[in-house]
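Summary of the model geometry
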Amino acid sequence: MAAEPEVAPGREKGDGGAALPPVHEAWLPREHSLYRPRHGKQLLALVCAAVFFGFPLLSTTLGVRPPELENRPLTDLPAVSEGWGLLTGLQQWASDNLPYRDQAIAAEDGLSRGLFGEAPSLGGRGGTVGVGPGSGPAPAPGGRPSISENDRAPDGYPRVIEGKDGWLYYGLDVAAKCVPNQTLDEVVGNVNRLRKAVEESGRKFVLTVVPDKTTAMPENLPDQFAGRECAEQGDRAFWQRATRDLGILDLRPAIDVERARTDRQLWFPQDSHWTFSGGLLLTRALANEIVPGVDRSWKTTLGPQWTGDADLPKLLFKKSENRAMQYGLAPDGDRDRTNRDDADFNETLRFSSDPVRGTVNNEVAMLADSFTIFACPYLSATFTDLSITHLETLRKDPETVANTLTNSDTVVIEVVERHLLPGLSPITDPGTIDVIAEAMADKPLNR
């Protein structure tokens, strides 16, 4: 009986008992029984990969840099020192830095609308509501609002809802009401525990909720969109509980009056935020809540035109510009005290000024999101002792923020509906509330 051929250490036998060759079967002579040619698909994949990763690298070397289409910096080339991170990061880097990417996306958009009458999915990227969202849209450096990378609608809901007459709506306005993180009972219970902690320390507590654009300006929504029914149901239930059980400063009546009284644009058509008219409305409402009738001497005047990037088109890989009128505000009816410097929310903002007729002179500590950016010029004109901290800072560093709140006699919280309703805001987080409650108990206000 013939002996079996030896198999080299570490090798296994192939079909028929023959030892596997020491080289890839594609490199064997064609006459070899184990010869297997490379498939055309493999070669095509290698060529495509070389183009996909090589073209951006060559373009970067030559100084060609594509535009930023998604309100975030382009992904940098991962370093070799990152280990496996080099491989996992290459795809996003190549996708971001592919030359003519903006033209390709525009072409896809045109073809989809022209042939099928609808917008392309553009990858259909969703995300999960409530996985540590920024107070999004969160402010970018320099104070201008931007969409947070984590602040996304879940799969099945559009990131942007295309409405009538060119209006765009933020998809999270709808998705947050259909897929909440907390029940309304939990939200109400958590926020009321925060209110109780502040008020038992001897301080005044004011909570105001900015309605979503879908709530305040629904007339330009499309007739049908994903989540419409559950969003409408969630919206009605929230505002009923918010006014009845949370005692919020409700801005909706003032918004309705302003819309009926003037032609001022309260929300940007292609942005998730309101305009400076909304910021002025918020300032007036807060001031009168703290000192009733304080605005009787106020005088407003038209100011310069403001322009800035719209945030929602960037989620469709497009660009558009916001335009809005700014205002001047003289609390005493005489001197304009408006501060139009850019508000950088990366740190706590502090405003102090001399009291005059028409100013709020309480020591006010405010927690807010990016909607307050459009109110800062007028808050700084009318509040003589004011600190404003972004709610995302509260999430990251509750101890420091809690101590800031104790240096006040009035705590004001401004939060947008899409973050409070589903329990995404840090003011609904039990652990964060524990930290604030402890700080308030340790430093009660002596009256």
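The notes below deal with the structure included here. (Residues numbered from 1 in each chain as written. Predicted model: local features only at pLDDT ≥ 70, side-chain atom pairs only at ≥ 80, totals over all residues. Heavy atoms only, no water.)

What about a negative patch on the surface?
The line we're drawing: Distance thresholds for patches are 9 Å for like charges and 5 Å for nonpolar side chains (Val, Leu, Ile, Met, Phe, Trp, Tyr), applied to residues having over 30% relative accessible area and no salt bridge. All accessible areas in this document rest on Shrake-Rupley with a 1.4 Å probe, and a residue is counted as covered only by the protein chains that are shown. The salt bridge definition used is simple: a Lys or Arg side-chain nitrogen within 4 Å of an Asp or Glu carboxyl oxygen. When charges are counted, neither His nor the chain ends are considered; positive counts come from Lys and Arg and negative counts from Asp and Glu. Where a charge lies is defined by one atom per residue type, namely NZ (Lys), CZ (Arg), CG (Asp) and CD (Glu). The numbering of helices and of strands both runs from the N terminus, where a helix is a DSSP run of H or I of at least 4 residues and a strand a run of E of at least 2. We call a residue buried when its accessible area falls under 20% of the maximum for its residue type, exposed when it is over 50%, and partly exposed in between, using a 1.4 Å probe and counting protein chains only.
Among the surface-exposed residues, Asp341, Asp342, Asp344 and Glu347 lie close enough to one another that they form a single negatively charged patch. Along the chain, Asp344 falls in the loop between strand 8 (321–330) and strand 9 (349–352). For Asp344, a relative accessible area of 34% gives the class partly exposed.

A closer look at the pairing of strand 5 (residues 204–210)
Stated formally: Any two strands with at least two DSSP bridges between them are considered paired.
When you tally the buried positions in strand 5, you get six out of seven residues, the bulk of the element. Bridge count between strand 5 and strand 12 (residues 410–416): seven bridges; the pairing is parallel. Residue pairing across strands places Leu207 opposite Ile413, the latter belonging to strand 12. Here strand 5 runs beside strand 6 (residues 249–250); their pairing, made up of two bridges, is parallel. The partner of Val209 across the bridge, within strand 6, is Asp250.

Considerations on the nonpolar core
In globular proteins that are soluble, nonpolar side chains generally tend to be buried together. The condition that has to hold: To form a nonpolar core, buried Ala, Val, Leu, Ile, Met, Phe, Trp, Tyr and Cys residues must be joined to one another through side-chain atoms within 4.5 Å. It only takes one pair of heavy atoms within 4.5 Å for two residues to be counted as in contact.
In this structure, Trp267, Leu286, Phe383 and Ile388 are the most contacted members of the largest nonpolar core, which totals 54 residues. If you tally residues by element for this core, the top one is helix 9 (residues 276–290), at eight residues. Not counting residues within four places of it along the chain, the set of residues in contact with Ile388 comprises Phe345, Glu347, Thr348, Leu349, Phe351, Met366, Ala368, Thr372, Cys376 and Leu379. Leu246, Leu394, Val415 and Ile436 belong to the second-largest nonpolar core, a separate cluster that totals 31 residues.

As for helix 7 (residues 228–245)
Under the convention used in this document: A helix is expected to span 1.5 Å for every residue after the first.
When the terminal C-alpha atoms of helix 7 are compared, their 25 Å separation across 18 residues agrees well with the 26 Å that a helix rising 1.5 Å per residue should span. Positioned one or two residues after helix 7, Gly247 has a phi angle of 60°, which is positive.

Describing the packing of aromatic side chains
Applicable threshold: Geometry of aromatic contacts follows a simple scheme: Phe, Tyr and Trp rings, the Trp one being its six-membered ring, pair when their centres are within 6.5 Å, and the pair is stacked under 30 degrees between planes, edge-to-face over 60, tilted otherwise.
Evaluation of the coordinates by the stated rule reveals nine aromatic pairs. Here Trp274 and Phe371 contribute two aromatic rings whose centre-to-centre distance is 5.7 Å and whose plane-to-plane angle is 80°, an arrangement assigned as edge-to-face. Here Trp274 is found in the loop between helix 8 (252–261) and helix 9, whereas its partner Phe371 is found in the loop between strand 10 (364–368) and helix 10 (376–382), with 97 residues between them in sequence. Grouping residues by exposure puts Trp274 and Phe371 together as buried.

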